Amino acid sequence: MTTDSPASPPGLDLRALAGEAHRVDDDVRALRAAFVEAHAEEIYGELTGGRTRYLRVDELVRAAALAFPGLVPSEEQMAAERLRPQAEKEGREIDQGIFLRGILRAPKAGPHLLDAMLRPTARALRLLPEFVETGDLRMEAVRLERRDGVAYLTLCRDDCLNAEDAQQVDDMETAVDLVLLDPAVRMGLVRGGVMSHPRYAGRRVFCAGINLKKLGSGDIPLVDFLLRREMGYLQKIFHGLLTDGSWRSRLTGKPWMAAVDSFAIGGGTQLLLVFDHVLAASDAYLSLPAAKEGIIPGVSNFRLSRIAGPRVARQVILGGRRLQAGEPDARSLVDEVVPPEEMDTAIDRALARLDGEAVVANRRMLNLAEEPPEEFRRYIAEFALQQALRIYGADVLGKVDGFAVGSR
């Protein structure tokens, strides 16, 4: 037995009504954006006790939902959103993006929020005594081992080619915090583990980028993945960890190296842009297919032009160009290329070159000159909204069913 849908009243133009609803949404969001821009400092001051408390982005949006109803989605609204696949969500994360863009643009609130994201996570502080004692920690997405002053971070999602999701971001930030907090660690190395995935079984793989199946199913959140990743552990690798520290520096930084086997796709290539030394196997390749997928490749649009030049950056980001590790244009992203069978020996040599107090001081000054915090803040403020708009773009939503059953 079938039941027909109730007929629309005569003369009712559903397309016109949908267009009117969309216009109303736009008008409300325009008002919301203007309000946050005008009052960002006061809003942030109230939420953080006059900037005396450090709230991470997830804590900040939850606090704002309670203190200013209607400014950002409530926790109940976001909980309902999390139950839906991406194509069926109501796009409430766009309102979070509007709010965070306004806060990050504000000259006092923005830097304070970025500082909050550079502080150690509660999870890392809880695990620190265990790691200091044992030098070994196994998490779902990352294994962390300390040997002879080197912290080895092995990406170990062997079934999905180290594709990134919220769990991977949490595990990576925990691992980065522990590396920077442990006084027995002098430097960190990130490398992909051996895969069980049938296409690469028995081979090491660095990273396949964002988990497109999770994006399609609605499990790639704006705040806990797309923003946490860029403002959290990637910034900690690049600029260091913010601790109470000494008068010498507010930040604790250490040298970082990446070793790329097979490929670094999407977020994998984004990772390489913050390392001090990148070693790659001669058969590896790099790519940033985010534009093809319909999204923004994190902070790559900000960093890649500086590192590889504007023409190569446009070819890679806009045109989807894939770079083989050994080709000339890849050498601005990769410091050293060796045959796959020589990777282990080359890693040891490169780590020895990075081991020194002068390296720590010089990398800090290089990174400060290359990426001043104020320039990063301007970029990430706009990214907060533009990436939110992209993950709800019509082109992306038209692809997500294919993501959910397909690639990577």
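Everything numeric here is computed off the predicted structure, so don't read it as measured data. (Residues numbered from 1 in each chain as written. Predicted model: local features only at pLDDT ≥ 70, side-chain atom pairs only at ≥ 80, totals over all residues. Heavy atoms only, no water.)

Asker: So what about the sheet that holds strand β10 (residues 285-287)? Which residues, and what values?
Answerer: Taken in spatial order, the three strands of this open sheet run β8-β10-β11, and their pairing is mixed. The sheet is open, and its two edges are formed by β8 (263-265) and β11 (323-324), each paired on a single side. For β8 and β10, the ladder comprises three bridges, and the chain directions are parallel. Looking at the pairing, F263 lines up with Y285 of β10. (Pairing = 2+ DSSP bridges. Helix = DSSP H or I, 4+ residues; strand = E, 2+ residues; numbered from the N terminus.)

Asker: Any chance you could break down the packing of helix α4 (residues 93-105) against helix α17 (residues 373-391) for me, citing the residues and the numbers?
Answerer: Viewed as axis vectors pointing N to C, α4 and α17 meet at an angle of 170°, and their least axial separation amounts to 8 Å. As the angle between them shows, α4 and α17 are arranged roughly antiparallel. Where α4 abuts α17, its residues E93, I94, G97, I98, L100, R101, L104 and R105 lie against R377, I380, A381, E382, A384, L385, A388, L389 and I391. For the contact of α4 with α17, the residue count by class is 11 nonpolar, one polar and five charged. (Axes fitted to C-alpha atoms, helices over the stretch in contact; angles between N-to-C directions. Parallel < 35°, antiparallel > 145°, perpendicular 65-115°, else oblique. Contact = heavy atoms within 4.5 Å. Nonpolar A, V, L, I, M, F, W, Y, C, P; charged D, E, K, R; others polar.)

Asker: Now, about the pattern of salt bridges: what can you tell me, with residues and values included?
Answerer: Scanning the model with the defined rule gives 41 salt bridges in all. Among the ionic pairs, D165 bridges to R157, the shortest N-O distance being 3.0 Å. In this pair, the class of D165 matches that of R157, namely buried. For D177, the salt bridge goes to K236, with nearest N and O atoms at 2.8 Å. Linking D177 in helix α7 (residues 166-181) with K236 in helix α10 (residues 233-239), this pair joins segments that are 59 residues apart in sequence. K236 carries the same exposure label as D177, and that label is buried. One network of salt bridges, with partners in common, ties together R56, R123, D170, D171, E173, D177, R228 and K236. (Salt bridge = Lys/Arg side-chain N within 4 Å of Asp/Glu carboxyl O. Buried < 20%, exposed > 50% of the residue type's maximum accessible area, 1.4 Å probe, protein only.)

Asker: How would you summarise the environment of A361 if you had to cite specific residues and measurements?
Answerer: Tracing the chain through its elements places A361 in helix α16 (residues 357-370). Along the sequence, A361 and P183 sit 178 residues apart, while their C-alpha atoms lie 16 Å from each other.

Asker: Can you tell me about the sheet that holds strand β4 (residues 187-192), naming the residues and giving the values?
Answerer: Spatial strand order, β1-β2-β3-β4-β7-β9-β12: seven strands in an open sheet with mixed pairing. What marks the edges here is a single partner per strand, and that holds for β1 (136-138) and β12 (336-338). The average angle at which neighbouring strand axes cross in this sheet is 15°, direction not considered. Here strand β2 (residues 142-147) pairs with strand β3 (residues 150-155) via six bridges, running antiparallel. Of the residues in β3, the one forming a bridge with R147 is V150. Running at roughly 130° to β1, helix α6 (residues 122-134) makes contact with β1 and β2 of the sheet.

Asker: An account of the packing of helix α2 (residues 57-67) against α4 is requested, with residue identities and associated values reported.
Answerer: Relative to each other, α2 and α4 sit at 110°, their axes nearing to 11 Å. Relative to α4, the element α2 lies roughly perpendicular. Between α2, through V57, L60, V61 and A64, and α4, the contact on the second element is made entirely by Q96, F99, L100 and I103. Considering only residue class, the contact of α2 with α4 consists of seven nonpolar, one polar and no charged.

Asker: Can you explain helix α9 (residues 222-231)? Please cite residues and give values.
Answerer: With nine of 10 residues buried, α9 lies mostly within the body of the structure. Of the positions making up α9, those classed as buried are L222, V223, F225, L226, L227, R228, R229, E230 and M231.

Asker: Describe empty space enclosed by the protein, naming the residues involved and giving the relevant values.
Answerer: Following the criterion strictly, the structure yields two cavities of 30 Å³ or more and no others. In this structure, the largest cavity occupies an estimated 150 Å³ of space. Surrounding the largest cavity, 18 residues form its lining, I210, Q270, I295, I296 and P297 being those nearest its centre. Counting residues per element, the ones that place at least two in the lining of the largest cavity are α9, α11 (267-272), α12 (290-293) and α17. In terms of residue count, α9 provides more of the lining of the largest cavity than any other element does, four residues in total. Considering only residue class, the lining of the largest cavity consists of eight nonpolar, five polar and five charged. When its volume is computed, the second largest cavity comes out at roughly 40 Å³. (1 Å grid on protein atoms, 1.4 Å probe; cavity = no way out; pocket = protein on both sides within 12 Å on 5 of 7 lines; lining within 4 Å. Points joined across faces, edges and corners; volume = space filled by probe spheres on them.)

Asker: Pulling in residues and values, what's your account of the confidence of the model for the protein?
Answerer: For the protein, mean pLDDT is 93; residues scoring 70 or higher make up 93% of the total. Predicted confidence for residues 1-6 stays below pLDDT 50, and this span has zero contacts to residues more than four positions away or in other chains. (pLDDT = per-residue confidence, 0-100.)

Asker: An account of the pairing of β2 is needed here, citing residue identities and associated values.
Answerer: In this structure, β1 lies alongside β2, joined through three bridges in antiparallel fashion. Across the sheet, R138 pairs through a bridge with R143, a residue of β2. With antiparallel pairing between neighbouring strands as the criterion, β2 and β3 make up a hairpin whose turn holds two residues, including D148 at a positive phi of roughly 55°.

Asker: Please give an account of the pairing of strand β9 (residues 277-281) that cites residues and values.
Answerer: Burial runs high along β9: five of the five residues are buried. Going residue by residue along β9, you find H277, L279 and A281 tucked away on one face and V278 and A280 tucked away on the opposite face as well. With four bridges joining them, strand β7 (residues 256-260) and β9 adopt parallel strand pairing. Residue A258 lies in a different strand from β9, and its bridge partner there is V278. Direction of pairing for β9 relative to β12: parallel, over a ladder of three bridges. Looking at the pairing, A281 lines up with V338 of β12.

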